[in-house]
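Below are the chains, spelled out letter by letter.
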Amino acid sequence: MTISKENKEFIDSLIDYYINESESYRQIAENFVPEIGSVPDTAFGIITGCVYSGFLQAYQNQQQSPSLEDMREFNQIIKERAPLIKKSILDPHRFETNKKDVDENEDSISKE
C-alpha cells in the first residue's frame, strides 16, 4: 500500500459522501438523455470522476503527485466499492449508508 492512511480515509469518505448523494448525480445524468446511452453508467462516471478529482486535489494540497502505484491502488479502491456505488445509483431511496453499513455490504460482496 502506497496511499497514506489519511489519503485513504479521505478517499473512503468521498466515496461514502457520493454514495449518499447518488440521487443528485443520477438526476444530473438524466438531463443528458437521449444523448447518453445509460443514466446509471453516466451517473457512475460522474461520481467516480468526482472522487478521482478529490484524490488528485488531496495530493496537490500536500504538494505531491500520485505515483503509478498510488493510481493503481486508487483504481482498486474504486473497483472494490463499485458495486455499492452502482447499487446506490440504481435504488437511491433504499440505499442510505453510514460507515458501518458500507463495511457490512463490502463484507457480503467479498464473500460472494
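Residues numbered from 1 in each chain as written. Predicted model: local features only at pLDDT ≥ 70, side-chain atom pairs only at ≥ 80, totals over all residues. Heavy atoms only, no water.

**Q** Lay out the confidence of the model for the protein in plain terms, naming residues and giving numbers.
**A** The predicted model of the protein has a mean per-residue pLDDT of 86, with 82% of residues at 70 or higher. Taken as a whole, residues 105-112 scores under 50 in pLDDT and shows 6 contacts with residues more than four places along the chain or in a different chain. (pLDDT = per-residue confidence, 0-100. Contact = heavy atoms within 4.5 Å.)

**Q** Can you lay out the nonpolar core for me, pointing to particular residues and giving the numbers?
**A** Counting residues in each nonpolar core, the largest one holds 21 residues, and the members touching the most others are Ile3, Ile11, Ile15, Val51, Phe55 and Phe74. Of all elements in the fold, only helix 1 (5-20), helix 2 (22-30), helix 3 (39-61) and helix 4 (68-90) reach the threshold of two or more residues within this core. The residues touching Phe74, leaving out its near neighbours within four places in the chain, are Ile3, Ile11, Val51, Tyr52 and Phe55. (Core = buried A, V, L, I, M, F, W, Y, C linked by side-chain atoms within 4.5 Å. Buried < 20%, exposed > 50% of the residue type's maximum accessible area, 1.4 Å probe, protein only. Helix = DSSP H or I, 4+ residues; strand = E, 2+ residues; numbered from the N terminus.)

**Q** Now, about the pattern of salt bridges: what can you tell me, with residues and values included?
**A** Any two side chains of opposite charge can pair, on the condition that their charged atoms come close. All told, the structure shown has 7 salt bridges when counted by the stated rule. The shortest N-O distance in the salt bridge between Asp12 and Arg81 comes to 3.5 Å. One end of the pair, Asp12, is in helix 1; the other, Arg81, is in helix 4, with 69 residues separating them in the sequence. A salt bridge links Arg81 to Asp16; the shortest N-O distance between them is 2.5 Å. You can see Arg81 sitting in helix 4 and its partner Asp16 sitting in helix 1, a full 65 residues away along the chain. Comparing Arg81 with Asp16, the two get one shared label, buried. Residues joined in a network through salt bridges with shared partners are Lys8, Asp12, Asp16 and Arg81. (Salt bridge = Lys/Arg side-chain N within 4 Å of Asp/Glu carboxyl O.)

**Q** An account of the packing of aromatic side chains is needed here, citing residue identities and associated values.
**A** Per the counting criterion, the structure on display carries 6 aromatic pairs. Here the aromatic rings of Tyr18 and Tyr25 are separated by 5.4 Å at their centres, their planes lie at 70°, and the arrangement is edge-to-face. Considered together, Tyr18 and Tyr25 belong to a single accessibility category, that of buried residues. Between Tyr52 and Phe55, the aromatic rings sit 6.3 Å apart at their centres with planes inclined by 35°, giving tilted as the arrangement. With Tyr52 and Phe55 both in helix 3 and 3 residues apart, the pair spans about one turn of that helix. Judged by its relative accessible area of 1%, Phe55 falls in the buried class. In this structure an aromatic cluster arises from ring pairing among Tyr52, Phe55, Tyr59 and Phe74. Note that Lys86 overlies the ring of Phe44, its terminal NZ or CZ placed 5.9 Å from the centroid. (Phe/Tyr/Trp six-rings, centres within 6.5 Å; stacked < 30°, edge-to-face > 60°. Lys NZ or Arg CZ within 6 Å of the ring centre and 35° of its normal.)

**Q** Which residues make up unusual backbone geometry, and what values go with them?
**A** Going from Val33 to Pro34, the amide bond is cis rather than trans, its omega being 10°. Secondary-structure assignment places Pro34 in the loop between helix 2 and helix 3. Of note, Gln63 is a non-glycine position whose phi angle comes to about 55°, a positive value.

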